[in-house]
Amino acid sequence: RGWLSLLSVAPQHHSPKMQRLSGRLFSRGFATHRAYSTSAARVTKFGGTSVAGSSQIQEVMRLLRADETRKFTVVSAPGKRHDDDIKVTDLLYKCHELAASSGGSEYEAFFDDNVGARYREIASTLGASSSAELDTDLEAAKGKIHDMATRGDSPDFAASRGEALCGRLVADLLGWEFVDPASGSFIQFRADGTFDSERTADAVRGVLGDLGGKSAVIPGFYGSNPATPSGVQTFSRGGSDVTGSIVAAGAMTGPTYDSVIYENWTDVNGVFSADPRKVSTARSLAFLSYTEVLHMASAGANVLHPDAVAPSAQAAVPINIRNTKNTTHPGTLIVHDDDPRAQRGASEQVVGLTTPDSDKVVVVCTAKDHTAAVAELISAKTSAGSVIVAAGAAPTIEVNGASAAAVYGVIEAEGLFVRQQD
Ligand code: ASP
């Protein structure tokens, strides 16, 4: 993967901030005047469960107001409020299908009763000042989803409305600026559908700078593609994490802020050593390096989108995974590979396990050097049908035919996990 080589090279820019991050603050004369600056910013990203309904959004607003360095916030679409609920994004994919197949009234009723109702509940409970604007936005979304579906466009426009409507509403409730990521000068895709990271980085830096210190809400997940009928394209599922990381990098590399943290707020206490629903003794990890979290994410740990690592890593922005349901927990802090907090002792050989599908367990090691011995241990002490060390650079082992709990147990018994927290 291209991302891996990106992470192993030194960060791309050498501003005074970078020197400070690498502990060489006074090594060059021009760095010193920045040493006294205290302009810090936190870029927050709230996932679907954190903006699922009015009570969750109220908590988000409390968190944002509690710390004035929380300048930019990226929001997902409202997710599940309870186990049987449906995410707004999934409702919108369904809307696109219905609009394409069954035409007018069935689609409109479905949109109003499901999508419209979710936003109206939030707006009326929290006292949004502009319910007329929300109605206008909902009607416009409903009409354009129908037009795009009947023209045979992709469902991207429909899907993007979950974040778009949520972002507008949250900006209104907070009295913050709203940034449209599909304006053409923010998140940008090329005509062939690939993401244009260079143009995006420049544009994002410019837009955040133009805000002149004002706070803003930015919908996650989508950007512009002038070659599509709607002009909109989304990242893959879970892509609001990517938007958040790009915004954090833009804040860090621009002139206004000299230290930035990307707070990625979700509904668990950080990145876990295994899915706690499958392994009851799994714990949250206090510190991970960018490379370690990339390996966990690429192996299927779904706490962070794999493409969300590179933008923050290249700008040396730490990523802090936090829990909106347990706001005093420090979560997981993801730092530069050279950071002392991410250095591993000889016994810390395994980061964690992922369970990408029912019969498979992937073990993510801290270094390729450890994979052979860990694989041998798993073969010797579990009844796994196959234990395969991945070819290539990724320090992962694929185990088939053994439960996650069994694999976890033998690694835990040998004391090979990295430091965990409660
Ligand atoms: N709402 C989108 C999804 O459900 C993107 C995101 O939540 O990050 O995949």
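See above for the structure.
Quick notes on the rules
- Residue numbers here run from 1 along each chain, matching the order of that chain's written sequence.
- A pLDDT threshold of at least 70 governs which residues receive local features in this predicted model, and a stricter bar of 80 or more applies before side-chain atom pairs are shown or counted, although totals over entire chains, interfaces and linings include all residues.
- Calculation of side-chain values draws on the structure's entire complement of heavy atoms; hydrogens and water are dropped beforehand.
- A simple rule labels every residue: compare its accessible area, found with a 1.4 Å probe on the protein chains alone, to the largest value its type can have, and call it buried under 20%, exposed over 50%, or partly exposed in between.
- The secondary structure listing takes helices from DSSP runs of H or I that are at least 4 residues long and strands from runs of E that are at least 2 residues long, numbered from the N terminus.
- Should any heavy atoms of two residues lie within 4.5 Å, those residues are counted as being in contact.
- What makes a salt bridge here is a side-chain nitrogen of Lys or Arg within 4 Å of a carboxyl oxygen of Asp or Glu, nothing more.
- Helices are assigned an expected span. That span is 1.5 Å times one less than the residue count.
- Where helices are involved, their axes are fitted lines through C-alpha atoms of the stretch in contact, as for all axes, and angles between N-to-C directions lie from 0 to 180°.
- Throughout, the term roughly parallel applies to angles under 35 degrees, roughly antiparallel to angles over 145, roughly perpendicular to angles from 65 to 115, and oblique to all others.
- Throughout this entry, Asp, Glu, Lys and Arg are counted as charged residues, while Ala, Val, Leu, Ile, Met, Phe, Trp, Tyr, Cys and Pro are counted as nonpolar. The remaining residues, Gly among them, count as polar.
- Here, any two strands with at least 2 DSSP bridges between them count as paired.
- The definition of a nonpolar core used throughout is a set of buried Ala, Val, Leu, Ile, Met, Phe, Trp, Tyr and Cys residues joined through side-chain atoms within 4.5 Å.
- Each residue is assigned a bend, namely the angle between axes fitted to the seven residues that terminate at it and the seven residues that start at it.
- Here a Phe, Tyr or Trp ring, Trp counted by its six-membered ring, pairs with any other such ring whose centre lies within 6.5 Å, and the pair is stacked when the planes are under 30 degrees apart, edge-to-face when over 60, and tilted otherwise.
- Nearness is defined per residue: one heavy atom within 4 Å of the molecule or strand is enough.
- The definition of a polar contact used here is a pair of N or O atoms within 3.5 Å, where within protein one atom must be able to donate a hydrogen and the other to accept one, and adjacent residues in sequence count solely through side-chain atom pairs.
- In short, Shrake-Rupley with a 1.4 Å probe defines the accessible areas, and a residue's cover is counted only from the protein chains shown.
- In this analysis a 1.4 Å probe is tested at points of a 1 Å grid over the protein atoms alone, and where it fits but cannot get out there is a cavity; an open set with protein on both sides within 12 Å along at least five of seven lines is a pocket; lining residues have an atom within 4 Å of a point.
- The way we define it, a molecule is inside a pocket or cavity when more than half of its atoms are within 2 Å of that pocket's grid points.
- Grid points are joined across faces, edges and corners, and a volume is the space filled by probe spheres set on the points.

Enquirer: Whenever I open this one, unusual backbone geometry confuses me. Can you help?
Expert: Residues apart from glycine generally show negative phi values, whereas peptide bonds are mostly found in trans. Phi at Phe 221 takes a positive value of approximately 85 degrees, unusual for a residue other than glycine. Note on Phe 221: relative accessible area 2%, which makes it buried. Not every positive phi belongs to a glycine, and Ala 316 is a case in point at roughly 55 degrees.

Enquirer: Help me out: how do you make sense of the side chain of His 370 in this one?
Expert: Positionally, His 370 belongs in the loop between β13 (360-365) and α12 (371-381). Excluding anything up to four places from it in sequence, His 370 contacts Glu 348, Gln 349 and Cys 365.

Enquirer: I'm lost on the pattern of salt bridges in this one. Help?
Expert: Between side chains of opposite charge, a pair can form as their charged atoms come close. Inspection of every chain in the model, using the stated rule, returns 24 salt bridges. Residue Asp 241 is joined to Lys 45 by a salt bridge in which the shortest nitrogen-to-oxygen separation is 2.9 Å. Of this pair, Asp 241 sits in helix α9 (residues 240-253) while Lys 45 sits in strand β1 (residues 40-46), and the two are 196 residues apart along the sequence. Neither residue differs from the other here; Asp 241 and Lys 45 are each classed as buried.

Enquirer: I'm lost on helix α3 (residues 54-66) in this one. Help?
Expert: Along an α-helix, residues three or four apart share an orientation, since each turn contains 3.6 residues. End to end, α3 covers 18 Å across 13 residues, agreeing with the expected 18 Å (1.5 Å per residue, within 8%). Among the residues of α3, Ser 54, Ile 57, Val 60, Met 61, Leu 63 and Leu 64 are the ones counted as buried.

Enquirer: Please clarify how the packing of helix α5 (residues 104-126) against helix α7 (residues 156-174) should be interpreted in this entry.
Expert: What describes two packed helices is the angle between their axes and the distance between those same axes. Closest axis-to-axis distance for the α5/α7 pair is 11 Å, and the angle between their directions is 5 degrees. Relative to α7, α5 is oriented roughly parallel. Between α5 and α7, the residues in contact are Tyr 119, Ile 122, Ala 123 and Leu 126 and Arg 161, Gly 162, Leu 165, Cys 166, Leu 169 and Leu 173, respectively. Of the residues that constitute the contact of α5 with α7, the class distribution is 8 nonpolar, 1 polar and 1 charged.

Enquirer: Whenever I open this one, the sheet that holds strand β4 (residues 216-219) confuses me. Can you help?
Expert: Two modes of strand pairing occur in sheets, parallel and antiparallel, and in both the strands are linked by backbone hydrogen bonds. Taken together, 8 strands build an open sheet; the order of strands is β3-β4-β2-β1-β7-β10-β11-β9 and the sheet is mixed. Each edge of the open sheet is held by one strand with a lone partner, namely β3 (177-178) and β9 (287-289). By the bridge criterion, 4 bridges tie strand β2 (residues 70-75) to β4 in an arrangement that is parallel. When the sheet's bridge partners are listed, Thr 73 is paired in β4 with Val 217. Strand contacts of α9: β1, β2, β4 and β7 (259-266), with the helix running at about 165 degrees to β7, the strand carrying the most contacts.

Enquirer: I tried to follow the nonpolar core on my own but got confused; where do I start?
Expert: It is characteristic of soluble globular proteins that their nonpolar side chains tend to be buried jointly. Phe 72 and Val 260 are the most contacted members of the largest nonpolar core, which has 49 residues in total. At 7 residues, α9 tops the list of elements feeding residues into this core. Judged by nonpolar contacts, the second largest core, of 46 residues, contains Leu 63, Phe 110, Ile 145 and Ala 171.

Enquirer: Help me understand α5, please; the structure alone is not making it clear to me.
Expert: In this model α5 runs 32 Å from its N-terminal to its C-terminal C-alpha over 23 residues, within 8% of the 33 Å that 1.5 Å per residue would give. At Ala 117, α5 shows its strongest bend, of approximately 40 degrees. For α5, the full list of buried residues reads Tyr 107, Phe 110, Phe 111, Val 115, Gly 116, Arg 118, Tyr 119, Ile 122, Ala 123 and Leu 126. The secondary structure elements touched by the buried residues of α5 are α3, α4 (88-101), α6 (131-150) and α7.

Enquirer: Whenever I open this one, the side chain of Arg 70 confuses me. Can you help?
Expert: Examined against the element boundaries, Arg 70 turns out to sit in strand β2. Arg 70 has contacts with Arg 42, Thr 44, Leu 63, Leu 64, Trp 176, Glu 263 and Trp 265, leaving out every residue within four places of it along the chain.

Enquirer: Honestly, the packing of aromatic side chains in this entry has me stumped. Any pointers?
Expert: Centre-to-centre distance and the angle between the planes together describe a pair of aromatic rings. Inspection of the entire model under this criterion finds 7 aromatic pairs. Between Phe 46 and Trp 265, the ring centres sit 6.1 Å apart and the planes meet at 20 degrees, which makes this aromatic pair stacked. Placement of the pair is Phe 46 in strand β1 and Trp 265 in strand β7, with a sequence separation of 219 residues. Considered together, Phe 46 and Trp 265 belong to a single accessibility category, that of buried residues.

Enquirer: Teacher, can you tell me more about the site of the ligand here?
Expert: Near the ligand the following residues occur: Ser 76, Thr 89, Glu 163, Phe 221, Arg 237, Gly 238, Gly 239 and Ser 240. Between a nitrogen atom of the ligand and a side-chain N or O atom of Glu 163, the distance comes to 2.6 Å. Burial of the ligand by the protein amounts to 92% of the accessible area it has alone, namely 260 Å². Placement of the ligand is best described as lying within the largest pocket. Across the shell around the ligand, the residue classes break down as 1 nonpolar, 5 polar and 2 charged.

Enquirer: Teacher, can you tell me more about empty space enclosed by the protein here?
Expert: Gaps between atoms show up when a probe of the same size as a water molecule is rolled over them. The final tally for this structure, using the stated rule, is 3 cavities of 30 Å³ or more. Its volume calculated, the second largest cavity comes out at about 40 Å³. Looking at the second largest cavity, the residues that line it are Arg 205, Leu 208, Gly 209, Gly 250, Ala 251, Gly 254, Pro 255, Thr 256 and Tyr 257. Class assignment of the residues belonging to the lining of the second largest cavity gives a composition of 4 nonpolar, 4 polar and 1 charged.

Enquirer: I keep staring at the sheet that holds strand β15 (residues 396-400) and nothing clicks. Help me out?
Expert: Strand order in the open sheet formed by 4 strands is β12-β13-β15-β14, with antiparallel pairing between adjacent strands. The outermost strands of the open sheet, each flanked by one partner alone, are β12 (350-357) and β14 (386-389). With strand direction ignored, the average angle separating the axes of adjacent strands in the sheet is 20 degrees. Alignment of β13 against β15, held across 5 bridges, turns out to be antiparallel. In the sheet register, Val 361 faces β15, and the bridge partner there is Val 399. Each of β12, β13, β14 and β15 touches α12; the most contacted strand, β14, lies at about 180 degrees to it.

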